[in-house]
Amino acid sequence: MDEENPECGNDCGGSEKLTNISDGDEAVFRYIKSDKEYCEIQLAASGSGLVEVWMNETLAGSVTVEAGVQQNSEIRMEAGEYELRLVFREADGLEIREITVK
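A. How the structure looks around a negative patch on the surface. Taken together, D23, D25, E90 and D92 make up a surface patch of like negative charges. Following the sequence through the fold, D23 ends up in the segment before β1 (26-34).

Right, here's the structure in full:
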């Protein structure tokens, strides 16, 4: 709880999450940039689902989450600047709290 503003509860820091995710939904982030090859994505999540990871118009990989536990993290994309698009192919109570791309 935020001690400076107790009315905020636990969400005063500007935190956001993706909720109410359904099969076929998409989330787009513009733009991510790295001087190194992209090789991993980490999702802090709850629920279960299958998430495709698209960078520009290229499929970089996919991630499976089961009961809040990410089963794999490998993606492959050359260094550069990209539009990151997550396509939710399956979603069962899936919520995404944090996304880290390396």
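B. Molecular detail of the packing of aromatic side chains. Enumeration according to the criterion identifies one aromatic pair in this entry. Note on Y38 and Y82: the rings are 5.7 Å apart at their centroids and 80° apart in plane angle, and the pair reads as edge-to-face. With Y38 in strand β2 (residues 38-55) and Y82 in strand β6 (residues 80-101), the pair connects residues that are 44 residues apart, well separated along the chain. Side by side, Y38 and Y82 carry an identical accessibility label, which is buried.

C. Examining the nonpolar core more closely. In this structure, V53, M55, F88 and L94 are the most contacted members of the largest nonpolar core, which totals 21 residues. For this core, the secondary structure elements donating two or more residues are β1, β2, β3 (58-66), β5 (74-77) and β6. Sorting elements by how many residues they give to this core places β2 first, with seven residues. Filtering out sequence-adjacent residues up to four positions away, L94 remains in contact with L18, I21, A45, S46, G47, S48, G49, V51, V65 and F88.

D. Molecular detail of the side chain of E83. Within the secondary structure, E83 is located in strand β6. Engagement of the side chain of E83 in a polar contact is seen with the side chain of R30, the distance being 2.7 Å. Ignoring anything within four residues of it in the chain, the contact list for E83 reads V28, F29, R30, Y31, W54, M55 and N56.

E. Structural view of unusual backbone geometry. Residue Y31 is reached from R30 by a cis peptide bond, and omega for that bond is -20°. A positive phi angle, near 55°, is found at N56, a position not held by glycine. In this fold, N56 is placed in the loop between β2 and β3. In this structure, A67 takes a positive phi of about 50° despite not being glycine. Within the fold, A67 resides in the loop between β3 and β4 (69-70). Residue A67 is classed as exposed on the basis of its relative accessible area, which comes to 69%.

The rules behind the values
- Every chain's residues receive numbers from 1 upward, in the order its sequence appears when written.
- Where totals are concerned, whole chains, interfaces and linings use all residues; where local detail is concerned, this predicted model gives features only for residues with pLDDT of at least 70, and gives and counts side-chain atom pairs only at 80 or more.
- Side-chain descriptors were evaluated using all non-hydrogen atoms of the structure, hydrogens and water having been removed beforehand.
- Patch membership is restricted to residues that have no salt bridge and whose relative accessible area is over 30%. Joining uses 9 Å for like charges and 5 Å for the nonpolar side chains Val, Leu, Ile, Met, Phe, Trp and Tyr.
- Accessibility throughout is a Shrake-Rupley quantity obtained with a 1.4 Å probe, and a residue counts as covered only by protein chains that appear here.
- Here, a salt bridge means any Lys or Arg side-chain nitrogen found within 4 Å of an Asp or Glu carboxyl oxygen.
- The charge count treats Lys and Arg as positive and Asp and Glu as negative. His and the chain ends do not count.
- Charged groups are reduced to one reference atom each: NZ for lysine, CZ for arginine, CG for aspartic acid, CD for glutamic acid.
- Numbering of helices and strands starts at the N terminus; helices are DSSP runs of H or I of at least 4 residues and strands are runs of E of at least 2.
- Centres within 6.5 Å are what make two rings of Phe, Tyr or Trp a pair, Trp counting through its six-membered ring; a difference in plane orientation under 30 degrees is then read as stacked, over 60 as edge-to-face, and the rest as tilted.
- Here the term buried applies to any residue with accessible area under 20% of the maximum for its type, exposed to any over 50%, and partly exposed to those in between, with areas from a 1.4 Å probe on protein chains only.
- Throughout this description, the term nonpolar core refers to a set of buried Ala, Val, Leu, Ile, Met, Phe, Trp, Tyr and Cys residues connected via side-chain atoms within 4.5 Å.
- Here a residue-residue contact requires only that any non-hydrogen atoms of the pair lie within 4.5 Å.
- In protein, a polar contact means a hydrogen-donor-capable atom and an acceptor-capable atom, both N or O and within 3.5 Å, with residues adjacent in sequence counting only if both atoms are side-chain atoms; elsewhere, any N or O pair within 3.5 Å suffices.

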